[in-house]
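Here's the letter readout for the chains.
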Amino acid sequence: MMRMRQGRLWTAGLMASLVMAGTGCKQGENGGSEAPGVRRAKAAAAAEKPPPPGAPGAGQGKLLASGRVTDLRVTADGRFATYLVNGKKPALDGIPPQMVLGELYVVPVEGGEPRKLGEGVTNVPGGQLVAPGSKHVLFLTGYNPATQSGALNVASLDDAKAAPVMLGTAVSYMLPSPDGTKLAYVDGGKLKLGALPSGPFTDVAGEVSTAQFTPDSKTLLFKRRLSAAGGMAAISVETPDAPPVKVGDQVGDYEVSPDGQRVAFQVRSESVRGLYDLYLAELPELKVKRLAVASGVFAFSPDGKWLARTENGKPNVPGDLYLGPATGGAGRKLGVQVEKLAFSPDSQAVGFLEKYDSTANAGLMSVAALPDGTTKQVGGRVPNFVWGSDGRHVAFLSRILKPAYSVDLMLYTLGEERAAKVQQGVFGYGFTPGNAQVVFRSNCIRNGRSCDFMAMDLPRQADPRTWLQGIFSYKLSEDGQRVLVTYARMDSDTYDVAVYDVKTQARKTLDQGVQVPVSFGGKNDSLAVYAITQGPKAGIYSVPATL
C-alpha cells in the first residue's frame, strides 16, 4: 500500500470508506421503482446545482491552484500536491459512492505553475500513486469503472516540461518497487516488469491479478487469477526473462519478511474446508514447507526473526496463536482463539486479542514479551490496540459495561502487572513521535464532530491535560512539536484549520471553510496544505504551519 505521508498519525474514522453501493432499484414517491436511467438523470441534475457559498473568511492562505478540486494528496517528501479538477461521478450503477473521474494536476506546495497530467483519472485506490522517492507519479487515464482499468502513464515530478509517458492501455494494477527504480503492472491480464520511468518492460506472465516486490526490491511475487488456479509465482527482478518459479496454487494471503529472505503464504486447506494452511518459502530458492493447518492470521516481527501465526482454527472459530522462528519449525503457544496480532516496533513483544468474539469484534488484550515471556491478559472487550514506537507502551480501547456503557482508553507498560485507565469515553487515539505523549479525542458532542483534544505525558506523571477544545481531527508533525487541527463549522459542511504548538501551548487559526484532510507539506513540515471546495475562492492552498 502506498501512503502519501508515511509515519504520520491521522485519527481513525474521520474519512468515509469507499464502500460498494447497492444495485437494487430505488423506490419512487408513487411506490414504484425508478429505472437506472431515471436515477442517473436525477443525479446529473443534482450535480448541476450551484455549489454552496462557502465560509465568509475562506482563502487566507497562498493560492496554489484555483478551481473545483477534490482528492488532494501531498507527496511523501512534502514538495508537491496532486489533485483532481472537475471531478464527476461516473454514470454507472454499483460503483463506490465517492468515486469520481477528473483531470489530474500537480503543483509545488511552495508555489508554481499547476501542471495538467491527464484526464479521466479516478480517486479510487490504485488509480494514481507516487513512487517511493517522490520522483514519478503513476496514474490511469480514461479509467473505465466497469473493467477497473485504464491507460497507465508515468510523469516526472522534477521535470515540469517532460510530457507523461504512456506504458499500457488496459492496466488494472500497478506497483513501483520499494527503492523506486522498477515498476510492475498488469496490462490486459499480462504482468510486465521494467525500469522506471519508461522501461524497457518484459512480459513476465499472463492471467495475473496482483504483485508484490520484496523489501529489498530483488524479487517480484505475483498471484494469478482464479482462472489460473489462483497460483503464486516469483521472478528475479534482475533476470525477468527467466521462467517464473511456481510457489503454490490456490494461494490466499501472503506476507514477505522485512528482511526479504522469506515469504509466508496460505494455501486452501485440504483437511479443513473453507480454511487455509500456512506455508513458508525461503527466497530466492523458494523451498516450500508447511507450518500450520487451518491458519488464520500471521505476521513476521519487524526484525524478521519471528513468525507468529494461528493454528488449528475452525470455521467461524479463530485458531490458537503460536510463535516460532521465522525460519520455520514448531512454535510455542501464546493464546487461544486469536484474531488480531501485532509485534511491537522493536520486536521485543507481541500483542494480540484472544478469545475473540467476532460478533462483538472484540477480545482479551494480551501481551507476551519475547523471546520467552509468559502471556499477560491486561484488558477485556478490546476492539483494537496500537504500539508506541519504542515498544514500551501499548494503548487500547476497552468497552466498559457497568455502571454505564463507555469506551475507555487504557495504557499498558511492559513489565507492569496491569493496565491503567487513561480516560473515559475516547474516540481516536495514538502516540506522538518519540512516545512523549499518548493523545486522544474525548468528551465528544455533535456526533463526534466536536471533541476535546487531550494528551498524557509518558511516562505517566499526572492526569491527561486538555490541549484544545472542540476539534474534529488532528495531525501531528513529524517531530511531534506541532499539530494541525480542524474544527467542524456549524454553517456549512466545511472546517476551520489551526496549528497548535505543543511546547508553548499557543494556537493560531490558519484558514476557514476548508475540506479535510489537511496535510503538512514543505521542508520540515513548514506548510499546511489544504483544499477549499466551496465558494468563489475554491482551490488548493498552502500557508505557513507556524505561530
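The coordinates are above.
Below is a summary of the structure that appears in this document.

Rules of the game
Residues numbered from 1 in each chain as written. Predicted model: local features only at pLDDT ≥ 70, side-chain atom pairs only at ≥ 80, totals over all residues. Heavy atoms only, no water. Helix = DSSP H or I, 4+ residues; strand = E, 2+ residues; numbered from the N terminus. Salt bridge = Lys/Arg side-chain N within 4 Å of Asp/Glu carboxyl O. Buried < 20%, exposed > 50% of the residue type's maximum accessible area, 1.4 Å probe, protein only. Pairing = 2+ DSSP bridges. Axes fitted to C-alpha atoms, helices over the stretch in contact; angles between N-to-C directions.

A short note on unusual backbone geometry
With the exception of glycine, most residues fall at negative phi, and the peptide bonds are largely trans. Cis rather than trans, the peptide bond between Leu196 and Pro197 has omega equal to 5 degrees. On the secondary structure map, Pro197 appears in the loop between strand E11 (190–195) and strand E12 (201–205). In the segment running from Val516 into Pro517, the intervening peptide bond is cis, with an omega of 5 degrees. Relative to the assigned elements, Pro517 resides in strand E40 (residues 507–521). Look at Asn316: it is not a glycine, yet its phi comes out positive at around 70 degrees. Mapped onto the elements of the fold, Asn316 is located in the loop between strand E22 (306–311) and strand E23 (320–325). Even without being a glycine, Asn524 presents a positive backbone phi close to 55 degrees. Relative to the helices and strands, Asn524 is located in the loop between E40 and strand E41 (527–532).

As for the pattern of salt bridges
The final tally for this structure, using the stated rule, is 19 salt bridges. A salt bridge links Asp457 to Arg465; the shortest N-O distance between them is 3.5 Å. Asp457 sits in the partly exposed class, given a relative accessible area of 33%. Here the salt bridges do not stand alone but share partners, grouping Asp77, Arg79 and Asp158 into one network.

Observations regarding the sheet that holds strand E24 (residues 332–335)
If you trace the 4 strands from one edge of the open sheet to the other, you get E21-E22-E23-E24, paired in antiparallel fashion. In this open sheet, the two strands that pair with only one neighbour each are strand E21 (298–300) and E24. Taking each pair of neighbouring strands and ignoring which way they run, the sheet shows an average axis angle of 25 degrees. Here E21 runs beside E22; their pairing, made up of 3 bridges, is antiparallel. Looking at E22, one finds that Ala299 is bridged to Ala308.

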